[in-house]
Amino acid sequence: MRGKINSYFELDKLNTTVRREILAGFTTFISMAYILFVNPSVLGASGMDEGAVFTATALASALGCILMGVLARYPIATAPALGINAFFAYSVCIGMGIRWETALAGVFVASLIFIVITIFKLREMIIDAIPADLKYAISGGIGLFIAFLGLSEGGIIVANKSTLVGLGSMSVGTTWLTVFGLIVTAILLVRRVPGGIFIGMVATTLLGLVTGLIQAPTQIISAAPSLKPTFLVALKHVKDINTLQLWVVVLTFLLVTFFDTAGTLVGLANQAGFMKDNKMPRVGKALASDSTAMLAGSLFGTSPVGAYVESSAGIAVGGRSGLTAITTSVFFIFGLFFSPLLSVVTSQVTAPALIVVGVLMAQSLRQIKWEQLEIAIPSFLILIGMPLTYSISDGIALGFIFYPITMIAAKRGKEVSPIMYGLFFVFIGFMWILNVK
């Protein structure tokens with residue numbers, strides 16, 4: 001069995017081991033386990049049953065991870081995406097007054113379109129058409145984004161009315177817990193201790209439990225909540241998508257998930273060293289995996305599923321094959337029954353991991369041709385746009401809009417592919433749909 005696993009996942013070729021892949025999968029799961037609790041809370045605002053959403057989140061995540069691991073053989077995990085779930089609940093359901101059943105049907109329709117364009121390799125063509133410099137910028141931008149996310153969740157950076165953001169209070173115990181975790185993780189990584197990120201997370205958890213900053217769970221095992229309130233509801237309400245407003249919602253689900261996932265896949269592939277000649281091997285299978293998970297997720301009862309940037313934590317500890325994603329899938333299934341135990345994995349535990357992984361991903365920025373302003377400007381807009389707009393897709397939009405403009409200004413317009421020109425107009429329309437009242 002070990003020989004078959006080694007052969008199928010090419011562990012020797014990737015210079016990894018079964019033990020390292022399992023540790024990487026667990027590290028990825030720990031880094032993104034928060035979605036099991038955050039997603040029900042966010043979607044619950046729309047009127048959805050939180051228990052059913054919890055179960056739907058775990059099942060959709062597990063399915064996406066196992067597809068990504070078995071078919072695409074990448075160490076990339078999937079789950080309902082942050083940001084688009086807030087759009088689902090607060091913009092579509094609360095802001096537009098659309099019932100959650102209809103919004104869920106919109107996710108289902110968007111996922112069907114996803115599968116069609118994946119079959120015809122349109123998504124693959126778009127990813128391959130993105131210039132190498134912009135791919136490096138996407139990778140680095142995601143690094144800044146998740147580092148900013150970690151600094152914010154850990155309380156080191158907070159909202160500030162005067163300056164938008166500012167330094168958090170050093171009188172808060174949980175903030176110091178994040179600082180402790182960051183120091184420990186940084187030292188371990190600098191000393192090149194294997195599994196340094198994971199060890200740092202364990203140390204932070206133990207300190208939190210000892211000091212009372214993290215509450216010990218009152219029980220370990222509990223039954224998974226029923227899926228009945230949301231199961232197949234999307235299918236029953238497809239007929240409700242009969243207005244221009246609802247089709248705009250479907251288009252938004254499609255575009256945001258498309259470029260969030262594309263950007264994440266490119267960034268993680270760069271981090272893991274998978275990119276070859278500016279192309280991501282087996283990208284078609286990776287895209288098929290995430291679009292299938294999105295379809296299944298809509299039927300289970302959750303917002304769009306996509307590749308997760310937290311996969312970078314598993315990659316950082318050595319995960320290189322699909323075995324990492326499969327391990328993450330197994331832990332999502334276990335998570336259904338050990339939900340009380342997951343409560344000790346607070347944002348202060350995962351924040352240091354996100355921050356240091358951001359450092360690792362930012363290393364791709366050195367490969368951008370910064371001396372060429374026509375390349376540097378759109379690359380910088382992607383880089384800075386992701387954390388400041390709190391959106392991977394918005395950051396990509398800023399860079400992709402400026403890229404043809406600066407290339408034409410540099411008299412290099414012929415070097416821009418037709419697909420990139422097409423994306424210029426797509427993103428202009430995308431920004432207009434989202435922002436013009």
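This text follows the structure it describes.
Read on for a plain summary of the structure. Remember, it's a predicted structure, so these values are computed and weren't measured experimentally. (Residues numbered from 1 in each chain as written. Predicted model: local features only at pLDDT ≥ 70, side-chain atom pairs only at ≥ 80, totals over all residues. Heavy atoms only, no water.)

1. Some words on the overall build of the protein
Next up, step 1: Check the secondary structure of the protein and you find 20 helices and 4 strands.
Next up, step 2: By the compact-globule yardstick of 22 Å for 437 residues, the protein fits well, its C-alpha radius of gyration being 21 Å.
Next up, step 3: When the 437 residues of the protein are sorted by exposure, 55% land in the buried category.
Next up, step 4: Long-range contacts, defined as pairs at least 24 residues apart, comprise 80% of the intrachain contacts of the protein with a sequence gap of at least 6.
Next up, step 5: Total accessible area computed for the protein in this model is approximately 18400 Å², and 68% of it derives from carbon and sulfur atoms.
Next up, step 6: If you average the places of the 27 positive and of the 19 negative side-chain charges in the protein, the two averages end up 5 Å apart. (Helix = DSSP H or I, 4+ residues; strand = E, 2+ residues; numbered from the N terminus. Rg over C-alpha atoms; globule rule 2.2 N^0.38 Å. Buried < 20%, exposed > 50% of the residue type's maximum accessible area, 1.4 Å probe, protein only. Contact = heavy atoms within 4.5 Å. Areas by Shrake-Rupley, 256 points an atom, 1.4 Å probe, with all protein chains shown as cover. Lys, Arg positive; Asp, Glu negative; His and termini not counted. Charge placed at Lys NZ, Arg CZ, Asp CG, Glu CD.)

2. As for the nonpolar core
Next up, step 1: By size, the foremost hydrophobic cluster in this structure holds 119 residues, and its most contacted members are Phe 88, Phe 253, Phe 400 and Phe 427.
Next up, step 2: Per-element accounting of this core gives the leading share, 15 residues, to helix 12 (residues 244-272).
Next up, step 3: Ignoring sequence-local partners within four residues, the contact set of Phe 253 consists of Ile 84, Phe 87, Phe 88, Val 92, Ala 103, Gly 106, Val 107, Ala 110 and Pro 304.
Next up, step 4: Counting residues in hydrophobic clusters, the runner-up holds 5 residues, among them Phe 9, Val 18, Leu 323 and Ile 326. (Core = buried A, V, L, I, M, F, W, Y, C linked by side-chain atoms within 4.5 Å.)

3. Side note on the packing of helix 3 (residues 35-44) against helix 5 (residues 84-95)
Next up, step 1: One can describe the packing of helix 3 onto helix 5 by two numbers: an axis separation of 8 Å at closest approach and a directional angle of 25°. Classified by the interaxial angle, the pair formed by helix 3 and helix 5 is roughly parallel. Between helix 3 and helix 5, the contacting residues are Asn 39, Val 42 and Leu 43 on the first element and Asn 85, Ala 86, Phe 88, Ala 89 and Tyr 90 on the second.
Next up, step 2: For the contact of helix 3 with helix 5, the residue count by class is 6 nonpolar, 2 polar and no charged. (Axes fitted to C-alpha atoms, helices over the stretch in contact; angles between N-to-C directions. Parallel < 35°, antiparallel > 145°, perpendicular 65-115°, else oblique. Nonpolar A, V, L, I, M, F, W, Y, C, P; charged D, E, K, R; others polar.)

4. Regarding the pairing of strand 3 (residues 164-167)
Next up, step 1: Two elements, strand 2 (residues 157-160) and strand 3, share 4 bridges in a ladder whose sense is antiparallel. Directly across from Ala 159, in strand 3, lies its bridge partner Val 165. (Pairing = 2+ DSSP bridges.)

5. Observations regarding helix 10 (residues 196-211)
Next up, step 1: Taking 1.5 Å as the rise per residue, helix 10 with 16 residues should run 22 Å; its terminal C-alpha atoms sit 22 Å apart, in good agreement.
Next up, step 2: Every buried residue of helix 10 is accounted for by Gly 196, Ile 197, Phe 198, Gly 200, Met 201, Thr 204, Thr 205 and Gly 208.
Next up, step 3: Downstream of helix 10 by one or two residues, Gly 212 has phi in the positive range, about 85°. (Expected span 1.5 Å × (residues − 1).)

6. What to know about the packing of aromatic side chains
Each pair of aromatic rings is reported with the distance of its centres and the angle of its planes.
Next up, step 1: The full count for this structure, using the stated rule, is 10 aromatic pairs.
Next up, step 2: Judged by centre distance (5.0 Å) and plane angle (90°), the ring pair of Tyr 8 and Phe 9 falls under edge-to-face.
Next up, step 3: Judged by centre distance (5.7 Å) and plane angle (90°), the rings of Phe 400 and Phe 427 are edge-to-face. With Phe 400 in helix 19 (residues 392-409) and Phe 427 in helix 20 (residues 418-435), the pair connects residues that are 27 residues apart, well separated along the chain.
Next up, step 4: By way of ring pairs, the aromatic residues Phe 26, Phe 29, Phe 331, Phe 332 and Phe 334 are connected into one cluster. (Phe/Tyr/Trp six-rings, centres within 6.5 Å; stacked < 30°, edge-to-face > 60°.)

7. Some remarks on a nonpolar patch on the surface
Next up, step 1: Where nonpolar side chains cluster on the molecular surface, the patch consists of Ile 220, Ile 221, Val 330, Ile 333, Phe 334, Phe 337 and Phe 338 and spans about 600 Å² of accessible area.
Next up, step 2: As for its placement among the helices and strands, Phe 334 is situated in helix 15 (residues 322-335).
Next up, step 3: What makes Phe 334 partly exposed here is its relative accessible area of 45%. (Patch = residues over 30% accessible without salt bridge, like charges linked within 9 Å, V, L, I, M, F, W, Y side chains within 5 Å. Salt bridge = Lys/Arg side-chain N within 4 Å of Asp/Glu carboxyl O.)

8. What about the side chain of Thr 28?
Next up, step 1: Within the secondary structure, Thr 28 is located in helix 2 (residues 18-32).
Next up, step 2: On the basis of relative accessible area, Thr 28 is assigned to the buried category, the value being 1%.
Next up, step 3: Contacts of Thr 28, omitting those with residues within four sequence positions, involve Ala 77, Glu 310, Ser 311, Gly 314, Thr 324 and Thr 328.

9. A word on unusual backbone geometry
Next up, step 1: For Asn 15, which is not a glycine, the phi torsion comes out positive at approximately 60°.
Next up, step 2: Within the secondary structure, Asn 15 sits in the loop between helix 1 (2-9) and helix 2.
Next up, step 3: Non-glycine residue Lys 411 carries a positive phi angle of around 60°.
Next up, step 4: Tracing the sequence through the fold places Lys 411 in the loop between helix 19 and helix 20.
Next up, step 5: With relative accessibility at 79%, the residue Lys 411 sits in the exposed group.

10. Some remarks on the packing of helix 2 against helix 10
Next up, step 1: With their axes 10 Å apart at the nearest point, helix 2 and helix 10 run at an angle of 50° to one another. In this view, helix 2 runs oblique relative to helix 10, as classed from their interaxial angle. Along this stretch, helix 2 crosses helix 10, giving a crossing that reads as left-handed. When helix 2 is examined against helix 10, the residues Leu 23, Phe 26, Thr 27, Ile 30 and Ser 31 are found in contact with a partner set consisting of Ile 197, Phe 198 and Met 201.
Next up, step 2: A per-class count over the contact of helix 2 with helix 10 returns 6 nonpolar, 2 polar and no charged. (Left-handed = near helix turned anticlockwise from the far one by under 90°.)

By themselves, these figures tell us nothing about what the structure is for.
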